[in-house]
Each structure stands twice: as C-alpha cells, then as structure tokens.
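Letter by letter, the chains look like this.
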Amino acid sequence: MTVEEKIRHWMHGREDELVEALAPLIAAESTRSEAKPGMPFGEGPAKALDRALELARRWGFRTENHEGYVGTADLNEHADGLHILAHLDVVGAGDGWDTDPYCLVRDGDLIYGRGTDDDKGPLVAALLAMRCVRELGIPLTKNVRLIMGTDEESGSEDIEHYYASHPFAPYSLSPDADFPVTNIEKAHYCPRFSASWKRTEAPGIRVLALNGGIRVNVAPANCTCLLENADKAQLEAVLKQVSGETGVSLSAEFQGNTAKITAVGVQAHASTPDEGKNAITATLQALCALPLAEGAAEKTVRQLHECFPYGDNRGKAMGIAMEDKVSGCLTLTFSMVHLDTEGFWGIFDSRDPLCATEENTCRVTEARMAAFGWKCEGKLGPAHAVDGNSDFIKTLLSAYETYTGRKGYCEAIGGGTYVHEIPGGVAFGAGEHDFDSHLHGANERARINQLLKTAMIYALVIGNLCA
Ligand SMILES: [Zn+2]
C-alpha cells in the first residue's frame, strides 16, 4: 500500500471519533471577554484551550499552555519543521439559530454549532492528521507543532505573543480559510481624511449633517443625512430615482424645513465591496442630484461624490485603480464619513495588489485630497505573498489533488488570514468554495467527511514536508 492509501485507510470510519472529539470544544463558548489571571482573552477561550489541550494529551501528544495565549501540541522531539495554526476562539453567536449554537448537533454528514467550521473543526482535523502520521509510523525528521490560538477573531494577539518568544518554523499552514491555497493577501491602505471650515449660511439647500458607516473594514449599509430647505416633492423624486439606480433604499422624513434622509444598503466586508451596496456613496449621489447651496459643507459633499461615485469599487475616480496578474485588482470601499456644519472626516479601506507602492497609492491619494484642502493620513500596510511555484506550495496542491480529485491552484485575497504576519505562511483549507458554512452567521456548519478529507490532506503534507 502507498502512503496515500495507508492514510485513506486509517481515516476510514473515524466520523464518530471526530465528532466526539469536537463536541466538548464547541460547548465551550469561546468568545473574547474580560481578561483574568492566566486568561488574557477571558474565561471562554481559556476553557476551550483547556479542553483542546486535554484532547491532544489523550491522543498522545506533548502539550504546553503558553500563558493562556496559545496551546501547542508536538508530534515528536525533533526541531520544528511545520507549524499548523488553528484557533479556538469564535465570534459571538448572533440571532437566527435553529439549534443551540454551543451544542454540536449532527445531521447525517453535517454538523452544526459555532466553531464547527471556524475554526474548531479544522483544528481537530489537523490534530487527527498528526495522530494518523504517528500511528502509521510515517518516518519524520522534523516536528509538527499545532499552535492552538485563542484570539484570531479579535486581533491575533495570541500568536503575536507566542512568536515574540518562539522562532518561526520553515513552513506554516493555517486551516482557517478555503482550499486550495491562499498565498497572497493584498496590502492594505485605509487613509483618514478631513477638513474643517467656518459655518456659513449660504442660501439654498444646506447639508447640516452626514453620517455613515460602522467600521473601517465594513462596506456600509447605513447612512443618514440632515438637509435644510429641501423641496419635498423634488427630494422624494431624487431619492426614488437614486434608489432605483443603486439598489440602496433611500427615504426622507420631513419636519418643518428640515429633511432627514435615511439610506439602507447591503453590508459587506470591505475586501469584497462588490458584494455590498454602499449606503454612503448612494446618499452622496442623491445629494448631488439636488440644487445644493454653495457653502463649504455642500462643496465637500460634491467633492466626496467626485472621489467616490457609487459603484466605483476599484478606486478609478480616486486615481489609484491598478491590477497585476498574480494578485488581481485594487478594491476600494468608502467605509465611514462624519460631516457637520463645521467640518468632516472620512475613511476609505483599500486592498491593494502587489504592484501598489506608497508612491502610486498613498502619494496619489494625498495629492488628490490636498487639492481640495483636505488633510490625509495613512500608510500602506504590507502585503503577504508566498511564491506560488515553490516546492512547498506544490506539495500542498498535490496533496489536495490526491484526496479531492480537484485541480489545485493559488489564490489572492483582500482580507488578512491568521498567517498574515508569518513569513512564508499560507492558508490551506479547510472549507471549499462551493460549500456555504454560514461563516460567522447563524447555523454555522461543517461536513464531517470534508474534515476527514482535510485530515488526510494534512497527514500527507506532514509526511512529505517533514520526512
Ligand atoms: Zn477563523
């Protein structure tokens, strides 16, 4: 029997075992809360970590709890050849669940519960892969260390703490995204721009306030605006037209000579703005279709609309649209704005391909904004890129193809993964693009056989990388 077949054979029929190992981890409600001694991210993550370490010991691995930030499980006594990074913390359950989010529920091949997919299920799959390699006696000359983090969802202070006192491994993988391989995470530029002015009482329709967005990295679904002296019939006609053009629902309430506009769009992650409908840029479009006054606030509204027209998610109007072959195109989301009668500030979130530099991104934006008299501050956060033609990536893709029969390839994404700060690290599984796990949503789920397949892929990778 080949090693590939031995691994497949060893994993056969382990569905129950995997589910039983995972259930106590799902039952630990590991959202970040107030720090306590030895529990830097609160009691929930600490409880999940204790249970994961207990599982690793039961499966015969030497473990260590690193001051409550991460736990580690080692495959052997050799020097580290591979780090596998998975995490035990979860985002809050939220509403809309059909089952208890903190109780694993099995329905055929599906399992439901917060963390089944992100990332407790893949973590158990990685541990199972390590056990498979050990029990099959696949010869290794290097160690595999599973690093079990407890703070991926709220800033990754966990692995920052760990790597502050431990060396990186030659290879690092994280089963915290989708197969096949994510080898490029784009650069990140989120400037804050602002201006202030003296209140003016220009005649005509005045903008008293404009507020939109909740976070820098979220394409905004909400925006409100307070207008003075707008004609009701004219405003309603404009809002109706812009609602139709953009798909963002705009409405107005009138009180005396002021009107409050409310825009409701569709929220999305800032790295995938095409999936959302931006409430701020739709509101700007509507405002600019009105005969606004000639004051400073109204002028700023027109300039913002010029920089961020609705639907321009590539930075064309800002003058920074760019793309390259390996990492794709720049995306831009105007994510937050606050404007009143004396000034404004705004933030956009751009995810920038490898061809982006301070020169062709930040300087261009700053010059554009300086022409309006705005202040603009922000730096280009570095991209993370690993050579897609390296032996390391070839080993991963070949293991993936062996057990899935699918074609392996590399991907670039706009978001950051758990390995963004780890030299040479890539995200590898454990989901597939054609399966919706309801990530971070209600009824999060995973497929048992996909997790076992992940374990097979990881076992083969370990055998090949650490031989
Ligand atoms: Zn995750």
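Residues numbered from 1 in each chain as written. Predicted model: local features only at pLDDT ≥ 70, side-chain atom pairs only at ≥ 80, totals over all residues. Heavy atoms only, no water.

A. Layout of the side chain of His 83. Looking at the secondary structure, you find His 83 in strand E3 (residues 80–87). On the basis of relative accessible area, His 83 is assigned to the buried category, the value being 0%. In contact with His 83, not counting residues within four places along its chain, are Arg 145, Ile 147, Tyr 162, Tyr 163, Pro 167, Phe 168, Ala 169, Tyr 171, Ser 172 and Leu 173. (Helix = DSSP H or I, 4+ residues; strand = E, 2+ residues; numbered from the N terminus. Buried < 20%, exposed > 50% of the residue type's maximum accessible area, 1.4 Å probe, protein only. Contact = heavy atoms within 4.5 Å.)

B. Broad picture of the coordination of the zinc ion. The zinc ion binds to the protein through His 87 (NE2), Asp 118 (OD), Asp 176 (OD) and Asp 176 (OD), with metal-donor distances spanning 1.9 to 2.7 Å. Seen from the zinc ion, its 4 donor atoms lie at angles of 53 to 144°, and the figure they make is irregular. Each donor residue of the zinc ion lies on one chain, and together they are spaced H-x30-D-x57-D. Pair noted here: His 87 is in strand E3 and Asp 176 is in the loop between strand E7 (171–174) and strand E8 (177–178), with a separation of 89 residues, a long-range link. The pair His 87 / Asp 176 is uniform in exposure class, with both members buried. (Donors = N, O, S within 2.8 Å, 3.2 Å for Na, K, Ca; no water. Tetrahedral: all angles 85-135°; square planar, octahedral: opposite > 155°, others 65-115°.)

C. Inspection of the pattern of salt bridges at higher detail. The tally for this structure, following the rule as stated, stands at 26 salt bridges. A salt bridge links Glu 444 to Arg 114, with the nearest nitrogen and oxygen atoms 2.8 Å apart. Separated by 330 residues along the polypeptide, Glu 444 in the loop between strand E27 (430–431) and strand E28 (445–447) and Arg 114 in the loop between strand E5 (110–112) and helix H4 (120–136) bring together distant segments of the chain. Taking the shortest distance from any N to any O, the salt bridge between Glu 294 and Arg 302 comes out at 3.3 Å. Given the relative accessible area of 28%, Arg 302 is considered partly exposed. (Salt bridge = Lys/Arg side-chain N within 4 Å of Asp/Glu carboxyl O.)

D. Local environment of the packing of aromatic side chains. Here the structure, examined in full by the defined rule, presents 18 aromatic pairs. Between the aromatic rings of Phe 193 and Phe 308, the centroid separation amounts to 5.8 Å while the plane-to-plane angle is 25°, which identifies the pairing as stacked. You can see Phe 193 sitting in strand E11 (residues 192–196) and its partner Phe 308 sitting in the loop between helix H8 (296–307) and strand E18 (323–324), a full 115 residues away along the chain. On the basis of relative accessibility, which here comes to 0%, the residue Phe 193 falls in the buried class. For the ring pair Phe 193 and Trp 374, a centre distance of 5.9 Å and an interplane angle of 15° mean the geometry is stacked. With Phe 193 in strand E11 and Trp 374 in the loop between helix H9 (358–370) and strand E22 (375–377), this residue pair connects regions lying 181 residues apart in the sequence. Here Trp 374 falls in the buried class, since its relative accessible area comes to 6%. Each member of the aromatic cluster is reached from another via a ring pair, and the members are Tyr 189, Phe 193, Trp 197, Phe 308, Phe 334, Phe 344, Phe 348, Phe 372 and Trp 374. Sitting above the plane of the Trp 10 ring, Arg 14 keeps its charged end 3.6 Å from the centroid. (Phe/Tyr/Trp six-rings, centres within 6.5 Å; stacked < 30°, edge-to-face > 60°. Lys NZ or Arg CZ within 6 Å of the ring centre and 35° of its normal.)

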